[in-house]
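Examining the three-dimensional arrangement
Take a look at the letters that make up each chain.
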Amino acid sequence: MDKIIIKGGKKLKGKVGISGSKNSALPILFASLLTDEPVVINNVPNLADINTTLAFLNFIGKKIIKKANSVKILSSLDYKHIAPYDLVRKMRASVLIMGPLLARLKKVDVSLPGGCAIGARPIDIHLEAFKKLGAKIEVSGGYVKMRAENGLMGAEIKLRFPSVGATENILLAAVLAKGKSKIINAAKEPEIEDLANFLNKMGAKIKGAGTKTIIIEGVEKMHGAIHNVIPDRIEAATYLIAAAITKGDIILENVIADHIRAVIEKLKKSGMHIKEYKSKIHIKWIKKLKTQNISTEVYPGYPTDAQAQWTALMSVTDGKSTVKENVFENRFMHIPELQRFGADLIIDGKNVYIKGAKKLSGAPAMVSDLRAGAALVLAGLAAEGESIISRIYHLDRGYELLEKKFKKLGADIKRIS
Ligand code: UD1
């Protein structure tokens, strides 16, 4: 299994291009199932989760033509309605197959999902919504089986929590339902807006995406479309924090600063110098940083996907601080690994108490999930000496060309097989 070896202590310097958003690309790729016409998606990052999705679409009955960061999806055969364990277990976002297949085929059987090992991550909000849209649901033999023999009917759906995946799944189903649907307490993440923009290009009638109330007028048919995926805000946040932890000076290119406003504000308050340009951000370390507490929230709050990275940064920053995780239970698998680098961290329920100013020293560490992996890489970049990071397949799920990008910024980092 591949490993990443980092010799820490180098200040990052230079330019880094931010890739297309994984979390935007995934639902957009699944949306291709809503039409038999060709769709073309550009700015798709080359990542394990994307390849899993493309293999999935191919299994269901799509033909995929992939060239660099562009994907063309064509229809070939009749669609299958069963998503087997072997495909679903690799990625939690596989549940996004439910909406489009239910809308198109009126039936879908999906193996219960796997994916990142963070918290319980149930799918009750998705299923409750499909029920409102008229699906009959049965769970048996490890599969969720849904049927809507007379087609889906528009409905008012109030989410008990603004789940990103559930909001996407509802959009993917309700666009072809009969009549009007309304999502109340919808997720407002930029990825929702990107998906809705793409669906509207395909002929859907969605209003209000990006706000907490979304209205969908069902249409009879969707058609082909071309779309460019938005930049990955979490990758961007990770590089910003990398600049801070290495006392660096870097320029992020192809980035939307507004999508990571909460992270930028925390970095500014810590003392990082940040200047925004059209689609670029210049971040520079100019003075010793101050600690900042964070508390993860749904968008536009501080993102849970950048929580582990912030914990790494606060571990080396003078003073005490607290990181509070409100979105997921149990999203602290990086804590024992960061402690191996010498970080002083105590978990107490939803909180991590950090005693900063620790000089981290290189250590062997193991990645438990995607963003935990990013935190370990950041710790390795800041630490004195060599770090060997294993189980990096988690990182390959979400960071395109990770070691190449860091190397270009001057890090001493390499991958070994
Ligand atoms: C998406 C992102 C993930 C990010 C998360 C929160 C993708 C592919 N993944 O995940 O990177 O960390 O948003 O910003 O876009 N929940 C339930 N029942 C449900 C659904 C969710 O209880 O039916 C809970 C989850 O357990 C979790 C919280 O709601 O505690 C947030 O989950 P959700 O917003 O659905 O995240 P994902 O869509 O899985």
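These figures come from a predicted structure and were not determined experimentally. (Residues numbered from 1 in each chain as written. Predicted model: local features only at pLDDT ≥ 70, side-chain atom pairs only at ≥ 80, totals over all residues. Heavy atoms only, no water.)

Attention shifts here to the domain arrangement of the protein. When the domains of the protein are assigned, the result is domain 1 (3–19 + 231–416) and domain 2 (22–228). Relative to domain 2, the C-alpha centre of domain 1 lies at a distance of 30 Å. Listed by partner, the interface residues are 24 residues for domain 1 and 21 residues for domain 2. Buried area between domain 1 and domain 2, both sides added, is near 1900 Å², and the carbon and sulfur share of it is 56%. Of all residues in domain 1, the largest losses of buried area upon contact with domain 2 belong to Y299, R397 and E400, amounting jointly to 34% of the total for that side. Linking domain 1 with domain 2 are 2 salt bridges. (Domains from an automatic or database assignment. Contact = heavy atoms within 4.5 Å. Buried area = accessible area lost by both parts, 1.4 Å probe. Salt bridge = Lys/Arg side-chain N within 4 Å of Asp/Glu carboxyl O.)

Moving on to the site of the ligand. Neighbouring the ligand are 19 residues, the closest being D124, I125, S163, D305 and V327. A distance of 2.7 Å separates a nitrogen atom of the ligand from a polar side-chain atom of D124. Within the backbone of I125, a nitrogen or oxygen atom sits 2.7 Å from an oxygen atom of the ligand. For the ligand, whose unbound accessible area comes to 740 Å², protein coverage reaches 87%. When contributions to the shell around the ligand are tallied by element, the ones reaching two or more residues are helix 5 (124–132) and helix 6 (164–174). With 3 residues, helix 5 is the single largest residue contributor to the shell around the ligand. (Near = heavy atom within 4 Å. Polar contact = N/O pair within 3.5 Å; in protein donor to acceptor, adjacent residues only side chain to side chain. Areas by Shrake-Rupley, 256 points an atom, 1.4 Å probe, with all protein chains shown as cover. Helix = DSSP H or I, 4+ residues; strand = E, 2+ residues; numbered from the N terminus.)

Reading across from one edge, 4-5-3-14 is the order of the 4 strands in this open sheet, with mixed pairing throughout. For this open sheet the edge positions go to strand 4 (62–67) and strand 14 (226–228), each flanked by a neighbour on one side alone. Recorded for the sheet is a direction-independent mean angle of 15 degrees between the axes of neighbouring strands. Bridge count for strand 4 against strand 5 (residues 70–75) is 6 bridges, and the pairing is antiparallel. Residue pairing for strand 5: K66 is matched across the bridge by V71. Contacting strand 4 and strand 5, helix 2 (residues 48–60) runs over the sheet at an angle of about 150 degrees to strand 4. (Pairing = 2+ DSSP bridges. Axes fitted to C-alpha atoms, helices over the stretch in contact; angles between N-to-C directions.)

A separate point is the nonpolar core. The tendency in soluble globular proteins is for nonpolar side chains to be buried side by side. Counting 74 residues, the largest nonpolar core has L34 and L199 as its most contacted members. Setting aside residues no more than four positions away along its own chain, L199 makes contact with A31, L34, L171, L172, V175, A204, I206 and M222. (Core = buried A, V, L, I, M, F, W, Y, C linked by side-chain atoms within 4.5 Å. Buried < 20%, exposed > 50% of the residue type's maximum accessible area, 1.4 Å probe, protein only.)

As a further point, take the packing of helix 1 (residues 22–31) against helix 7 (residues 190–201). Their axes nearest at 9 Å, the elements helix 1 and helix 7 cross at an angle of 30 degrees. Taken together, the axis directions place helix 1 and helix 7 in an arrangement best described as roughly parallel. Of the two elements, helix 1 crosses helix 7, and the hand of that crossing is right-handed. Of helix 7, the residues touching helix 1 (which contributes N23, S24, P27, I28 and A31) are E191, D194, L195, F198 and L199. Taken together, the residues of the contact of helix 1 with helix 7 break down into 6 nonpolar, 2 polar and 2 charged. (Parallel < 35°, antiparallel > 145°, perpendicular 65-115°, else oblique. Left-handed = near helix turned anticlockwise from the far one by under 90°. Nonpolar A, V, L, I, M, F, W, Y, C, P; charged D, E, K, R; others polar.)

Here the focus is the packing of aromatic side chains. Tallied over the full model, the rule gives 3 aromatic pairs. Ring geometry for F30 against F56: centres 5.9 Å apart, planes inclined by 85 degrees, an arrangement best described as edge-to-face. Of the two residues, F30 sits in helix 1 while F56 sits in helix 2, which places them 26 residues apart along the sequence. A relative accessible area of 0% places F56 in the buried class. On the numbers, 6.0 Å between centres and 70 degrees between planes, the contact of Y302 with W310 is edge-to-face. Take Y302 and W310: they sit in the same class, and that class is buried. Between K80 and the ring centre of F59, over which it is positioned, the NZ or CZ distance is 4.7 Å. (Phe/Tyr/Trp six-rings, centres within 6.5 Å; stacked < 30°, edge-to-face > 60°. Lys NZ or Arg CZ within 6 Å of the ring centre and 35° of its normal.)

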